[in-house]
Amino acid sequence: MERMQQIVGRARAAFNSGRSRPLEFRIQQLKALERMVQEKEKEILAALKADLNKSGPGAYGHEILGVLGELALAMEKLPSWAAPQPVKKNLLTMRDEAYISYEPLGVVLVIGAWNYPFVLVMQPLIGAIAAGNAVVVKPSEVSENTARLVAELLPQYLDKELYPVVTGGVPETTELLTQRFDHILYTGNTAVGKIVMAAAAKHLTPVTLELGGKSPCYIDKDCDLAVACRRITWGKYMNCGQTCIAPDYILCDPSIQSKVVENIKVTLKEFYGEDVKSSPDYERIVNKRHFKRVLGLLEGQKIAHGGETDEASCFIAPTILTDVSPESKVMEEEIFGPVLPIVTVKSVEEAIEFINRREKPLALYVFSNNKQLIKRVISETSSGGVTGNDVMMHFFLSTLPFGGVGHSGMGAYHGRCSFETFSHRRACLIKDLRMESTNKMRYPPGSQKKI
Amino acid sequence: MERMQQIVGRARAAFNSGRSRPLEFRIQQLKALERMVQEKEKEILAALKADLNKSGPNAYGHEILGVLGELALAMEKLPSWAAPQPVKKNLLTMRDEAYISYEPLGVVLVIGAWNYPFVLVMQPLIGAIAAGNAVVVKPSEVSENTARLVAELLPQYLDKDLYAVVTGGAPETTELLTQRFDHILYTGNTAVGKIVMAAAAKHLTPVTLELGGKSPCYIDKDCDLAVACRRITWGKYMNCGQTCIAPDYILCDPSIQSKVVENIKVTLKEFYGEDVKSSPDYERIVNKRHFKRVLGLLEGQKIAHGGETDEASCFIAPTILTDVSPESKVMEEEIFGPVLPIVTVKSVEEAIEFINRREKPLALYVFSNNKQLIRRVISETSSGGMTANDVIMHSVVPDLPFGGVGHSGMGAYHGRCSFETFSHRRACLIKDLRMESTNKMRYPPGSQKKI
């Protein structure tokens, strides 16, 4: 579509004008974004409610707070992030200037996801702007209210040509991916991740892919089960299970399985009350297609708790499955819903083997009073990130890179890592034209050199 | 081919055994590589002579010295590179352990190039071993003597299953690329780079692509021309121009063009004597195909110096072209031969515009006494790396990342950067099961939270 070509072309021309490069400009744009988030908070919360039934507190805590934090961090740190980084010199370069220069890449594409539709376009956008790029933003069409809002708001606050928003579904995204970008950050699923990377390969565009997987959660017998289960419940059922780093399934000894179930049930009542459906804090499945998908995973399973559904409102109650078979459907794909399978294992060795037989997940969780055991699980497995004795919290520390490995993704962002992801680290060596005699050894004829 | 599957399968099983992970093992393998380079120096130099007519001193200086340096660096620094990297914590994580853990990726594929056939497999191999991976090495079949030697030597010194060598041409490489790897580092040209990335996309394998381009060399009127031209001559005609970071073409004011030619001619005589063809320090074009390709670039050009050729020995004399038209064939593709076009420009602005109209090169060079001018050229252009007042040298500073941007590549390596390229940076957060009361704010019901 000519429209895509024009939008990207305008962004490129705007980038080539050089105006996105001065730090003052970037900080001014980030300040405008901050104003946008503060002034339009009501509208943003309303869109999130319309898309996913997120409550005010839930949406604010999970989407707005993080964005404001990332903006404040970027504005404060940008001068130090963007400064040339001197490197250690060797004998040959003692008298020279040797440093790494952080430079904008050019025109960056950010493709958002529907589960945290605001933060997942905003956080990459912040990093891309901070690094001095032009940015084309493509919010997920599935979270259509947030997509529409982002498309309305960004041009009201930001430089319109440098930071355009493109809306639409698969055809529009496919068209967009034929254009040439200098970096693409995609958040979504593994299958589409491959498509994005294949499209990027045509232009030799580097990619950051934030994908998913089945994030395992191992609960050791030696741990405070009540606390562990409360934390797991929080992370699992947040956003109705539609969180890329939600604990997907539990691994634990058969002897504690029923205690785990009991503790989660108690916590669920604490969180959502007797009637989950009427709790303002419990979200909904984003659409009918995903509702049916998650429902299908319950087939043939032993439902220890929950299982109630209501298609009209895309409601699925917080559900726990016990004695789940590793070969069942619910253990094949990422659940991305409020269904928590428990698979029993007789030892931490078995848990580690189980995890390692599968694709590397985006996150991994292990609960234990025994730090040695935690360190062992970490060292004998691989995952994008890990939190021990809690879930998700590694995501919220901006000094930790957030990203996957293997099928859960490549590259990372958040905080300074975002800035570096959207920058080119250019090696620079500035020498002198004097001291030419020191170069004698390197020139032919070779008989001058001793071997 | 089943053979490829078996080789990669064995490497993966060997990796899964865990034996490549302990630092002691990795250092032991690196020590063995060091022994190999020292014990088999004669054989290595002989192979390089057979493949590219590299003289002993040149081959030692350009291929062996660098490898020994990289080995020594890796063995010395590995404990500090591989150590968990604590990160700054925030209020929420004050009492926790937060760090980045460097972990092996698994099975890495290293595809070498023919122009520096030894160092371009060895340097990536060193980084991949240091990072704890299994490595499949695919040397370029074009430099067949070195390929054969690498295939013979590595199994004599290294763990045979962990570090496999695969030889062959395009069909074998294509087959190899259908296998699943955890990282691929490819050195070569842009066209094949796209093929490698497309193949990698099928498995979501991250890639480091060290490609090429036309590295421009701007000579300012205000500079010591004799020194500048000596340094340029060295980097341009080294390895008969077959260097990915060779200065591809010169940009300078018309008023100094003939002085540039004169200075280069003087230096060429210094380096190679009256009869270049009989200088032991002057290499040959690698094969007939490339010989014909480079020869074709001379068509219709004004040859200010050189131009002599001998197909039987793939000899092309050091050649300088003047008043070259930007639209001519020699200004289209990367020359990768001993032909140096001079394109005249009337100002540094014109030079910058010229450079920016083209694909981002792997290297950029600028010669001037004026540091301001140098900084201006750097800030108004982009390239993988750059050296001012010399050529090539940014690639030998171990702490500078070596890599391209745009069509000249993605990712980087050398020194610590190699280790990080072949590692997964895993975000780790270890919390406590105590202090659960501090988490109260994050749990539903939302009415607890103040917005």
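All residue numbers here refer to positions counted from 1 along the written sequence of the relevant chain. Chain A is the first chain written and ligand 1 is the first ligand written, with later ones labelled in order. Local features are withheld for residues below a pLDDT of 70 in this predicted model, meaning they are given only at 70 or higher, and side-chain atom pairs are given and counted only at 80 or more; totals for whole chains, interfaces and linings count all residues. Computation of side-chain values: all heavy atoms of the structure, hydrogens and water removed.

## Thoughts on the sheet that holds strand 16 (residues 409-410) of chain A
All names here are of chain A. Whether two strands pair depends on DSSP finding at least two bridges between them. Each helix is a run of H or I in the DSSP string that is no shorter than four residues. Each strand is a run of E no shorter than two, and both are numbered from the N terminus. With respect to topology, 5 strands assemble into an open sheet ordered 4-3-5-6-16, the strand pairing being mixed. Pairing within the sheet leaves two strands with one partner each, and these edge strands are strand 4 (134-138) and strand 16. One ladder, built from 4 bridges, connects strand 3 (residues 107-111) with strand 5 (residues 183-187); its direction is parallel. Opposite L109, over in strand 5, you have I184 as the bridge partner.

## Side note on the pattern of salt bridges
Basic side-chain nitrogens of Lys or Arg form a salt bridge, by our definition, when they fall within 4 Å of a carboxyl oxygen of Asp or Glu. All told, the structure shown has 57 salt bridges over all chains when counted by the stated rule. K138 of chain A serves as the salt-bridge partner of E141 of chain A, at 3.4 Å between the closest nitrogen and oxygen. Three labels apply to residues, based on accessible area from a 1.4 Å probe with only protein chains included: buried if under 20% of the type maximum, exposed if over 50%, partly exposed otherwise in between. Taking relative accessible area as the criterion, E141 of chain A reaches 34% and is therefore assigned partly exposed. Classification of K138 of chain A as buried rests on a relative accessible area of 2%. Between D182 of chain B and R12 of chain B there is a salt bridge, and its shortest N-O distance comes to 2.8 Å.

## As for the UniProt feature "domain: Aldehyde dehydrogenase" (unreviewed entry) in chain A
Under the feature "domain: Aldehyde dehydrogenase" (unreviewed entry), the UniProt entry names residues 3-425 of chain A. The straight-line gap between the two end C-alpha atoms of residues 3-425 of chain A is 32 Å; of that span, 43% is helix and 16% is strand. UniProt positions are given in the numbering used here, feature names are shortened, and annotations may be inferred rather than shown by experiment.

## Things to note about the sheet that holds strand 5 (residues 163-165) of chain B
Residue and element names in this part refer to chain B. Pairing in this open sheet of 6 strands is mixed, and the strands run 5-4-3-6-7-17 from one edge to the other. Unpaired on one side and paired on the other, strand 5 and strand 17 (409-410) mark the two borders of the sheet. Pairing of strand 6 (residues 183-187) with strand 7 (residues 207-210) involves 4 bridges; the strand directions are parallel. Bridging across to strand 7, Y186 finds its partner in L209.

## A closer look at the packing of aromatic side chains
Residue and element names in this part refer to chain A. Centre distance within 6.5 Å is the pairing criterion for rings of Phe, Tyr and Trp, where only the six-membered ring of Trp is used; planes under 30 degrees apart are then read as stacked, over 60 as edge-to-face, and the remainder as tilted. Under the counting rule described, the total for this entry stands at 20 aromatic pairs over all chains. Between the aromatic rings of W81 and F419, the centroid separation amounts to 5.8 Å while the plane-to-plane angle is 40°, which identifies the pairing as tilted. Of the two residues, W81 sits in helix 4 (residues 56-82) while F419 sits in helix 14 (residues 415-421), which places them 338 residues apart along the sequence. Classification of W81 by relative accessible area gives buried; the value is 6%. Exposure remark for F419: the relative accessible area of 1% places this residue in the buried category. Measuring from centroid to centroid gives 5.8 Å for Y102 and F419, while their planes differ by 45°, and the two rings are tilted.

## A word on the side chain of N239 of chain A
In this structure, N239 of chain A sits in the loop between helix 9 (225-237) and strand 8 (249-252). Contacts are residue-level and defined by heavy atoms, with any inter-residue pair within 4.5 Å sufficient. With near-sequence residues (within four places) excluded, N239 of chain A lies in contact with L52, K54, N115, Y116 and E283 of chain A.

## A look at the UniProt feature "active site" (unreviewed entry) in chain B
Residues and elements named next belong to chain B. The sites that carry the UniProt feature "active site" (unreviewed entry) are, in the present numbering, E210 and C244. Spatial clustering of the annotated residues is evident: they stretch over 35 residues in sequence, but the largest pairwise C-alpha distance comes to 8.9 Å. Among all residues touching E210, those that are not within four sequence positions of it are Y186, T187, G188, F402, G403, S408, G411, A412 and Y413. The topology assignment puts C244 in the loop between helix 9 (225-237) and strand 9 (249-252). Excluding residues within four positions of it along the chain, C244 makes contact with N115, L211, S215, E334, F336, L362 and F402.

## Observations concerning the UniProt feature "coiled-coil region" (unreviewed entry) in chain A
When the UniProt feature table is mapped to this numbering, "coiled-coil region" (unreviewed entry) covers residues 23-50 of chain A. Between the C-alpha atoms that bound residues 23-50 of chain A there is a distance of 37 Å. The span itself is 96% helix and 0% strand.

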